[in-house]
Protein chains: 2
Amino acid sequence: MSLKMFCFLMALAGIFVTCDSPHPEHMDMDEQQAPASRPEYVLVIHGGAGVILREDLSDSLEAEYRAALNAALDAGEKILKEGGLALDAIVAAVQTMEDNPLFNAGRGAVFTHDGKNEMDASIMDGRDLNAGSVGGLTNIKSPIAAARAVMEKSEHVFLTGRGAEQFAAEQGLEVVDPSYFYTERRWKSLQQAIEAEKKQEAMTPEMKHGTVGAVALDKFGNVAAATSTGGMTNKHYNRFGDVPVIGAGTYANNLAGAISCTGHGEFFIRYTVAHDIAAVKMYQHKSLEEAAHEVIFDKMGIAGGEGGIIAVDPQGNFAMVFNSPGMYRGYTKPDKREVKIFKD
Amino acid sequence: MSLKMFCFLMALAGIFVTCDSPHPEHMDMDEQQAPASRPEYVLVIHGGAGVILREDLSDSLEAEYRAALNAALDAGEKILKEGGLALDAIVAAVQTMEDNPLFNAGRGAVFTHDGKNEMDASIMDGRDLNAGSVGGLTNIKSPIAAARAVMEKSEHVFLTGRGAEQFAAEQGLEVVDPSYFYTERRWKSLQQAIEAEKKQEAMTPEMKHGTVGAVALDKFGNVAAATSTGGMTNKHYNRFGDVPVIGAGTYANNLAGAISCTGHGEFFIRYTVAHDIAAVKMYQHKSLEEAAHEVIFDKMGIAGGEGGIIAVDPQGNFAMVFNSPGMYRGYTKPDKREVKIFKD
C-alpha cells in the first residue's frame, strides 16, 4: 500500500495523521527544491507592486528604475560579500531606495489628503524575532533607520507619530524639514486622486500601491526583512497599512525565512500575509515559493487583494511572487543577479 | 507496525510525511477533544493578565472584579442566547469592561508618561477576515466601537491618532473630554512608575499589563475576537502594543478560531501570537488548547514574554491560557459559566 493510499484510508476513517520529525523546520525541502549547497548570501528587493505595464513606462524611465534597483542591490550586496549581516544589508538596500524619488518611500513618499507625507517602516531580525516598527513619520529622513533604532535602542517594538519622531531624533537620526519629501510627481498624483475622489471615481490601483523592501540571507544563515513606505496617495485619518504591522508587511524567522510585502495594505493585514507564508512553510512543510503562491493567490488574491512579496529562506531559496501586473524587483547572489519589472 | 513507528522510520529515512485530508481545517480534533455536539454558543472574556496574587487582592476588590466579569459575560451572553452574532456579543462584553474603571481599557485606561490616556483597540470577524484597529485614541468613549466602525464603515483597517478620532466622531461615536478617563488609581500608578523610572528601577509587571478582550462562537458557527486597552503605564513615544496589531493581539478566522491576547505587548507582536495559535491549529492540526499552550509557553514564554490568551474555535472548544500568576477571565455557554482570577 502506498503512503498516499495509507493516508487517504486513515482520513476516510476519520483518523488524522501528522508525522512530525523532531525538527520539522529544517526538513521542508525535497531534493528537487534544495539547492546543491546554500549560497553564501542572497539579497532580494522590491520597489513596489501595481499596475506597471510595458506600454506605460518609457524606455528612459524604465532604465532609471533598473539602475535604481541595481544600485539598491549593489549597496546590500557589498555588505553581504564582505561577510556582513543580513540586517545591515537590507537596511543599506532599503535606504538607497528611500533616498531615490522614484519609489514611494522616504524622499519619494506620496502625499496624504492633507498634503503631508506620512511614512511607515518596519524591520525584523530572524535570529531572535526582534522587531521594530514606526508609523506616521513626517520628518525623519530614513524611516527604516528609525524602525531599526526602535528595535535596537528601545524596549518597544512599535512607536508612532510625534513620539516616534522624538525617539528617532533622540537617537541621533537625521531630521529633515518635511519639505524634503516634496516631489512634483507625487503632488500631481495627489491632485489627481482628490479630483477622482470628488467625482466619486475609484482610485487607480497605482494610487494605492508603492513600498520598498528587502530580505536577505547572510553567510551565517541569518535572515532579515525590512519594508518602508509613504503609504497610500490621498490617505485620510492617519491610516496605517500593512508596513508597520509585524506579521503582515514584514516578518523574519531563521526557522522559516524573511518576507517583505507590497500592495493593497488592508488585505495584507487581514490575511497576516508575511507570517502566514512563514507558517505555511514551517507547519505544512511547503517550499517558500509554494507557501507564497498559496497565500498571495489562493487566499488574499481570491478575496480581492493585490500585491506581492519577496522572500528568502535559510536554505537560500528565494521567491518574488505577485498577482499585480508588475512589481519592481531584483535579486543578487554570488553567481547571479536579475532585475525585473513586468510579469514576463 | 504502528503509525507512529511508521512515521518515525520515514523521518529517519529523510522522507517527510504529511497526510492531508481534503479539508484538514475541519478535522483537527480527535474524539477525546471534540465535544459530543457543538454548544449553541460560547463566550470567553479576559480582563488582563499579570501579577495577580490572592494575598494582594482584598475580598471586596476580588468580589468587584468577579461581579464585573460576570456583568461582561451577561451582556454578551444575552445577545448570543437570542441568536445574535458573535461580533455583537464580543463588542457588548468589551464595552461593559471599557466602562468599568477596574480594567485598563476605556474609562480605566492607564496614563502615559505625559499624563494622557491613549487607547488602542481591534476587532476581527472570522466570517470574512474583515478587521478594524485604532491606536492612540484620547477622546472616544468606546475604543472598541471605533475599531468596529473602521472595520465596517471605512475601506481601511488601521486608523490612528487624531485621524482615527476624527473618523470615529464623523461616524457618530460618543466623544468625551479626555478627563473622562481620569481615575485616581491610575494617576497614582503613573506617579509610582515615574518614581521607579527616576530610580532606574524596573517597572513591575503590573505596570506593563492590562487589557480586556472577548471571543465568541455564535449559533451560526461564526467566531469573532475583540481587544481593547489603555496600553502601558508611563508609556513614552506614542508606543503601540499588540492590541491594534491584527495577528498579534487579535485574530479570528472561521476555519481556526478567535483569539484575544493580553500581556507584555512587545512579545505578542514579535511572536505574532494570535495568528500563530490559529496557524498551529490549522496547519499542524493541534487542538486549540495545545496550540495556545505551545505559543504562550514554548515560544513566547521561553523568550521572556508574559501574558495570556482567550480563544474559542468553531467546534466550541475554548481555551484560557496564561503564563503569568493570574488572569481575570471567564466563560459562559448554555450549560456552564465560570469566572476565575488566579491560577488555581
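Details of the structure are given in the entry above.
Calculation notes
- Residues numbered from 1 in each chain as written.
- Chains lettered and ligands numbered in written order.
- Predicted model: local features only at pLDDT ≥ 70, side-chain atom pairs only at ≥ 80, totals over all residues.
- Heavy atoms only, no water.
- Helix = DSSP H or I, 4+ residues; strand = E, 2+ residues; numbered from the N terminus.
- Buried < 20%, exposed > 50% of the residue type's maximum accessible area, 1.4 Å probe, protein only.
- Pairing = 2+ DSSP bridges.
- Contact = heavy atoms within 4.5 Å.
- Axes fitted to C-alpha atoms, helices over the stretch in contact; angles between N-to-C directions.
- Salt bridge = Lys/Arg side-chain N within 4 Å of Asp/Glu carboxyl O.
- Parallel < 35°, antiparallel > 145°, perpendicular 65-115°, else oblique.
- Nonpolar A, V, L, I, M, F, W, Y, C, P; charged D, E, K, R; others polar.
- Phe/Tyr/Trp six-rings, centres within 6.5 Å; stacked < 30°, edge-to-face > 60°.
- 1 Å grid on protein atoms, 1.4 Å probe; cavity = no way out; pocket = protein on both sides within 12 Å on 5 of 7 lines; lining within 4 Å.
- Points joined across faces, edges and corners; volume = space filled by probe spheres on them.
- Expected span 1.5 Å × (residues − 1).
- Arc of directions from axis to C-beta.

Engineer: Tell me about unusual backbone geometry, residues and numbers included.
Structural biologist: The backbone of threonine 272 of chain A sits at a positive phi, close to 40°, despite the residue not being glycine. Within the secondary structure, threonine 272 of chain A is located in the loop between α8 (265-270) and α9 (273-284). Judged by relative accessible area, threonine 272 of chain A falls into the buried class, the value being 0%. Positioned with a positive phi, asparagine 238 of chain B is a non-glycine residue whose angle comes to about 50°.

Engineer: Tell me about the sheet that holds strand β6 (residues 212-217) of chain A, and name the residues and values.
Structural biologist: In spatial order, the strands read β14(A)-β13(A)-β2(A)-β6(A)-β7(A)-β3(A)-β4(A)-β5(A)-β8(B); together these nine strands make up an open sheet with mixed pairing. Strands with a single pairing partner mark the edges of an open sheet, and in this sheet they are β14 (336-342) of chain A together with β8 (239-240) of chain B. When strand β3 (residues 119-125) of chain A meets strand β4 (residues 130-137) of chain A, the two strands line up antiparallel, connected through six bridges. Opposite serine 122 of chain A, over in β4 of chain A, you have serine 133 of chain A as the bridge partner. The sheet strands contacting helix α3 (residues 86-98) of chain A are β2 (42-50), β3, β6 and β7 (223-229) of chain A, and the helix crosses β6 of chain A at an angle near 155°.

Engineer: Can you lay out the pattern of salt bridges for me, pointing to particular residues and giving the numbers?
Structural biologist: For the coordinates displayed, the defined rule picks out 34 salt bridges over all chains. We note a salt bridge from glutamate 338 of chain A to lysine 336 of chain A, for which the minimum N-O separation is 4.0 Å. The partly exposed category is assigned to glutamate 338 of chain A, whose relative accessible area is 28%. Judged by relative accessible area, lysine 336 of chain A falls into the partly exposed class, the value being 42%. A salt bridge links arginine 337 of chain B to glutamate 77 of chain B, with the nearest nitrogen and oxygen atoms 2.8 Å apart. Here arginine 337 of chain B, found in strand β14 (residues 336-342), pairs with glutamate 77 of chain B, found in helix α2 (residues 59-81); they are 260 residues apart in sequence, far enough to count as distant. Overall, the relative accessible area of 29% leaves arginine 337 of chain B in the partly exposed class.

Engineer: Please provide a residue-by-residue account of the packing of helix α3 (residues 86-98) of chain B against helix α4 (residues 143-153) of chain B, values included.
Structural biologist: Residue and element names in this part refer to chain B. With their axes 9 Å apart at the nearest point, α3 and α4 run at an angle of 150° to one another. What the angle tells us is that α3 and α4 run roughly antiparallel. Here Leu87, Asp88, Val91, Val94, Gln95 and Glu98 of α3 lie close against α4, whose contacting residues are Pro143, Ile144, Ala145, Arg148, Met151 and Glu152. Classifying every residue of the contact of α3 with α4 by side-chain character gives seven nonpolar, one polar and four charged.

Engineer: Can you break down the packing of aromatic side chains residue by residue, with the values?
Structural biologist: Considering all chains together, one arrives at 22 aromatic pairs over all chains under this definition. Relative to phenylalanine 167 of chain B, the ring of tyrosine 237 of chain A lies with its centre 5.2 Å away and its plane at 70°, an arrangement referred to as edge-to-face. Separated into two different chains, tyrosine 237 of chain A in the loop between β7 and β8 (239-240) and phenylalanine 167 of chain B in helix α5 (residues 161-170) make up a pair that spans both. Residue classification places phenylalanine 167 of chain B among the buried positions, given a relative accessible area of 3%. Between the aromatic rings of tyrosine 65 of chain B and phenylalanine 103 of chain B, the centroid separation amounts to 5.6 Å while the plane-to-plane angle is 70°, which identifies the pairing as edge-to-face. Of the two residues, tyrosine 65 of chain B is situated in helix α2 and phenylalanine 103 of chain B in the loop between α3 and β3 (119-125); the sequence distance between them amounts to 38 residues. Judged by its relative accessible area of 1%, phenylalanine 103 of chain B falls in the buried class. An aromatic cluster is defined as three or more aromatic residues linked by ring pairs; in this entry it consists of Phe158 and Phe240 of chain A together with Phe158 and Phe240 of chain B.

Engineer: I'd like to hear about the environment of alanine 291 of chain A, residue by residue, with values.
Structural biologist: Residues and elements named next belong to chain A. Within the fold, alanine 291 resides in helix α10 (residues 288-301). Judged by its relative accessible area of 0%, alanine 291 falls in the buried class. A sequence separation of 176 residues divides alanine 291 from glycine 115, and the C-alpha atoms of the two residues are 39 Å apart.

Engineer: Outline the environment of phenylalanine 342 of chain B, supporting the account with residue identities and numerical values.
Structural biologist: All names here are of chain B. Here phenylalanine 342 shows up in strand β14. In this structure, the C-alpha to C-alpha distance between phenylalanine 342 and serine 324, residues 18 residues apart in sequence, is 9.5 Å. Not counting residues up to four positions away in its chain, the partners in contact with phenylalanine 342 are Ile52, Leu53, Arg54, Leu57, Glu62, Phe322, Pro325 and Arg329.

Engineer: How would you sum up helix α5 (residues 161-170) of chain A? Please name residues and give values.
Structural biologist: Each α-helix turn comprises 3.6 residues. Residues three or four places apart therefore point the same way. Restricting attention to buried positions, one finds in α5 of chain A the residues Gly163, Ala164, Glu165, Phe167 and Ala168 of chain A. Its buried side turned inward, α5 of chain A meets β4, α4 (143-153) and β5 (158-160) of chain A.

Engineer: How would you explain the layout of surface pockets if you had to name every residue and give the values?
Structural biologist: Of the voids in this model, the largest pocket is the one considered here, and its volume is about 1,100 Å³. If you list the elements that add at least two residues to the lining of the largest pocket, you get β4 and α5 of chain A together with α5 of chain B. No other element matches the six residues that α5 of chain A contributes to the lining of the largest pocket. Across the lining of the largest pocket, the residue classes break down as seven nonpolar, 24 polar and 13 charged.

Engineer: Just give me the short version of the sheet that holds strand β7 (residues 223-229) of chain B, but keep the residues and values in it.
Structural biologist: Spatially, nine strands are ordered β8(A)-β5(B)-β4(B)-β3(B)-β7(B)-β6(B)-β2(B)-β13(B)-β14(B) in an open sheet, and the strand pairing comes out mixed. Edge strands, defined here as strands with exactly one partner in the open sheet, are β8 of chain A together with β14 of chain B. Bridge count for strand β6 (residues 212-217) of chain B against β7 of chain B is six bridges, and the pairing is antiparallel. Along β7 of chain B, the bridge assignment pairs valine 212 of chain B with serine 228 of chain B. Strands β2 (42-50), β3, β6 and β7 of chain B of the sheet are contacted by α3 of chain B, whose axis makes an angle of about 155° with β6 of chain B. In the packing of α4 of chain B onto the sheet, the strands contacted are β3, β4 (130-137), β5 (158-160) and β7 of chain B, and the crossing angle to β4 of chain B comes to about 135°.

Engineer: Give a detailed account of the pairing of strand β12 (residues 318-322) of chain B, specifying residues and quantitative values.
Structural biologist: All names here are of chain B. For β12, the buried fraction is high: four of the five residues fall into the buried class. Looking at chain direction, strand β11 (residues 307-312) and β12 are connected through five bridges and run antiparallel. Note on β12: the bridge partner recorded for isoleucine 310 is methionine 320. In textbook terms, the turn of a hairpin is the stretch between consecutive antiparallel strands, and for β11 and β12 this stretch comprises five residues, one of which, glycine 316, has a positive phi near 95°.

Engineer: Before we move on, can you summarise helix α6 (residues 184-198) of chain B with the specific residues and values?
Structural biologist: Residue and element names in this part refer to chain B. Taking 1.5 Å per residue, 15 residues should reach 21 Å; α6 reaches 21 Å between its end C-alpha atoms and fits that length. What α6 keeps buried is the set Arg186, Leu190, Ala193, Ile194 and Ala196. All buried residues of α6 fall inside an arc of 160° around its axis, so they share one side. Among the residues trailing α6, glutamine 200 stands out with phi positive, at a value near 55°.

Everything listed here is a matter of coordinates, which is why it stays silent on function.
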